[in-house]
Amino acid sequence: MRADEMSSTEAIAKVETFIISIPRDVPYLGALRAGESINERGYFVRKGNRSVYPRTDMSVLVKVTSRSGAVGWGETYGIVAPGAVTEIIGDLLGPIMVGRDPRDPGVLHEDLYDLMRVRGFFGGYYVDALAGVDIAVWDLAAKLAGVPLARLLGGIRETKIPAYVSGLPKPTLPERVAMAQDWIARGFDAVKFASAVADDGDVAEIAALRASLGPKPKIMCDMHWKWTALQAIKLIDAMDRHDLYFAEAPCQPEDIDGQAQVAASVRTSVALGEEWRTAYEYRPRFIRRCMDIVQPEMGHTGVTEFMKIARMAEAFHCKVIPHASIGIGIFQAASLHAAAALPNVPYHEYQHSIFDKNLRYVSGDMRCQAGFFHLPTGIGHGVEPTADVWQHVVKR
Ligand code: MG
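The rules we used
- Residues numbered from 1 in each chain as written.
- Predicted model: local features only at pLDDT ≥ 70, side-chain atom pairs only at ≥ 80, totals over all residues.
- Heavy atoms only, no water.
- Domains from an automatic or database assignment.
- Contact = heavy atoms within 4.5 Å.
- Buried area = accessible area lost by both parts, 1.4 Å probe.
- Salt bridge = Lys/Arg side-chain N within 4 Å of Asp/Glu carboxyl O.
- Pairing = 2+ DSSP bridges.
- Helix = DSSP H or I, 4+ residues; strand = E, 2+ residues; numbered from the N terminus.
- Axes fitted to C-alpha atoms, helices over the stretch in contact; angles between N-to-C directions.
- Donors = N, O, S within 2.8 Å, 3.2 Å for Na, K, Ca; no water.
- Buried < 20%, exposed > 50% of the residue type's maximum accessible area, 1.4 Å probe, protein only.
- Core = buried A, V, L, I, M, F, W, Y, C linked by side-chain atoms within 4.5 Å.
- 1 Å grid on protein atoms, 1.4 Å probe; cavity = no way out; pocket = protein on both sides within 12 Å on 5 of 7 lines; lining within 4 Å.
- Points joined across faces, edges and corners; volume = space filled by probe spheres on them.
- Nonpolar A, V, L, I, M, F, W, Y, C, P; charged D, E, K, R; others polar.

1. What about the domain arrangement of the chain?
Step number 1: Taken domain by domain, the chain holds domain 1 (3–146) and domain 2 (152–382).
Step number 2: Put simply, the middle of domain 1 and the middle of domain 2, counted by C-alpha atoms, are 22 Å apart.
Step number 3: With 42 residues of domain 1 at the contact, the number on the domain 2 side is 42 residues.
Step number 4: On the domain 1 side of the contact with domain 2, Arg33, Glu75 and Tyr77 bury the most area, a combined 17% of that side's loss.
Step number 5: The residue Asp128 makes a salt bridge to Arg277 at a minimum N-O spacing of 2.7 Å.

This is the structure we're talking about:
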């Protein structure tokens with residue numbers, strides 16, 4: 001560490017975390033199905049994809065403060081067991097960050113990644129923790145430079161980013177179709193349905209959507225990692241008779257051979273990647289041509305890794321359609337800045353049932369209207385928690 005970093009008034013003085021749990025009327029992906037129930041920790045398992053979800057909107061916020069009092073805000077994926085990331089940040093990463101210069105976010109990220117790599121911590125909760133602090137440090141760096149975050153990532157290519165509507169959280173297919181029609185009427189041109197709650201099957205779902213929406217809107221399916229490669233190939237071919245824009249997550253996340261087989265066998269674009277956190281996890285999939293579209297999740301990757309993955313995608317002639325998860329909007333803002341700086345982003349995922357409800361918890365002019373996200377203006381990533389957030393802080 002350089003001596004001038006230690007004496008800088010902008011050196012990092014404090015790193016804090018906050019677990020947030022915001023109630024919601026209807027669970028993420030829609031009402032509970034038969035046999036699904038909420039446990040004493042507020043979690044439930046979706047039978048459709050055997051995955052655990054929180055009943056509330058859970059997230060972890062990260063606040064990095066410099067000696068002069070300048071603040072950067074980050075957020076990481078905290079939907080279950082959020083105490084794992086707050087412990088990693090509180091006990092390990094935060095104390096090591098104190099005294100470092102926040103104007104070197106990429107260098108700091110590499111140094112923090114190196115701390116645990118030889119012990120095998122190069123994914124999972126460790127990288128989620130890194131993502132949260134990385135977003136906060138990039139926000140602080142951009143604020144200290146007096147520029148929007150996208151300017152530090154290569155420049156602002158777009159201030160309006162096309163949004164696709166993700167999920168139709170209604171209990172019956174006719175209601176989901178009506179909801180899709182409503183979004184199209186509001187100026188959106190792409191809708192994704194979720195296999196885990198497509199009770200009549202994925203083919204019936206896309207057939208009904210296509211029949212009602214007509215030929216123009218794009219329709220995507222999140223297949224929720226449910227299928228073997230051969231099952232997925234048949235199912236994607238059947239869905240593509242109704243013109244499927246992309247097939248997301250057809251096979252289990254570890255199945256590189258299956259992913260490659262599916263991508264080579266169908267005429268539909270395959271989209272993968274929301275669960276991977278680093279360029280190292282993407283690399284073998286790029287080499288095997290497992291996908292046409294990558295879906296990095298800013299809450300898992302942080303800014304530094306997101307940009308590495310996206311630039312790698314560019315080199316492999318893949319598109320980037322960033323994932324959007326449960327959060328209050330801070331990693332969403334960072335993701336929009338990254339998207340705004342990139343040449344290969346046809347859409348950004350729009351989790352309308354989370355994004356709109358939680359907009360009151362962040363400041364700034366970030367919004368999604370008539371088919372487009374608007375890049376938040378101002379310096380840094382452009383959003384900060386509002387006073388309303390603090391009533392939803394949990395102690396665990
Ligand atoms: Mg998905």
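So that's the structure; there's more coming.
2. Section: the sheet that holds strand S5 (residues 71–77)
Step number 1: Taken in spatial order, the four strands make up an open sheet running S5-S4-S1-S16, and their pairing is antiparallel. The sheet is open, and its two edges are formed by S5 and strand S16 (393–394), each paired on a single side.
Step number 2: Taken together, the 10 bridges between strand S1 (residues 12–22) and strand S4 (residues 57–66) define a ladder with antiparallel strand orientation. Opposite Val15, over in S4, you have Val64 as the bridge partner.
Step number 3: In the packing of helix H4 (residues 124–145) onto the sheet, the strands contacted are S1, S4 and S5, and the crossing angle to S5 comes to about 155°.

3. Considering the coordination of the magnesium ion
Step number 1: Within the first shell, the magnesium ion binds the protein through Asp222 (OD), Glu248 (OE) and Glu274 (OE), at distances of 2.0 to 2.2 Å.
Step number 2: Look at where the donors of the magnesium ion fall in the sequence and you get D-x25-E-x25-E. Residue Asp222 is found in strand S8 (residues 218–222), and its partner Glu274 is found in the loop between strand S10 (269–272) and helix H10 (279–287); the two are separated by 52 residues along the sequence. Summarising the burial analysis for this pair, Asp222 and Glu274 share the class buried.

4. Some details on the environment of Ala340
Step number 1: Looking at the secondary structure, you find Ala340 in helix H12 (residues 330–340).
Step number 2: Remark: the alpha-carbon pair of Ala340 and Trp225, spanning 115 residues in sequence, is separated by 29 Å.
Step number 3: Sequence-distant contacts of Ala340, defined by excluding residues within four places in its chain, comprise Ala150, Gly155, Ile156, Arg157, Glu158, Ile161 and Leu375.

5. Observations regarding the pattern of salt bridges
Step number 1: The full count for this structure, using the stated rule, is 20 salt bridges.
Step number 2: As a salt-bridge pair, Lys143 and Asp139 come within 2.9 Å of each other at their nearest N and O atoms. One end of the pair is Lys143 and the other is Asp139, both in helix H4 and four residues apart, which spans about a single turn. As far as burial versus exposure is concerned, Lys143 and Asp139 are alike and both buried.
Step number 3: Taken together, the salt bridges that share partners define one network made up of Arg33, Arg176, Asp199 and Glu205.

6. What about the nonpolar core?
Step number 1: Within the largest apolar cluster, 83 residues are counted, with the highest numbers of intra-cluster contacts made by Phe193, Val262, Val303, Ile328 and Tyr350.
Step number 2: Looking at which element gives the most residues to this core, the answer is H12, with eight residues.
Step number 3: Of all hydrophobic cores here, the second largest spans 23 residues; its members include Ile89, Leu93, Met116 and Val127.

7. Section: empty space enclosed by the protein
Step number 1: Counted according to the given criterion, the structure contains three cavities of 30 Å³ or more.
Step number 2: What the largest cavity holds in volume is close to 100 Å³.
Step number 3: Glu75, Ala324, Ser325, Gly327, Ile328, Gly329, Phe331, Gln332, Gln351, Ile354, Phe355 and Asn358 together form the lining of the largest cavity.
Step number 4: Of all the secondary-structure elements, those providing two or more residues to the lining of the largest cavity are H12 and helix H13 (352–358).
Step number 5: When residues in the lining of the largest cavity are grouped by element, the largest group, three residues, is from H13.
Step number 6: Grouping the constituent residues of the lining of the largest cavity by class yields five nonpolar, six polar and one charged.
Step number 7: Space inside the second largest cavity adds up to approximately 60 Å³.
Step number 8: Taken together, the residues of the lining of the second largest cavity sort by class into seven nonpolar, one polar and two charged.

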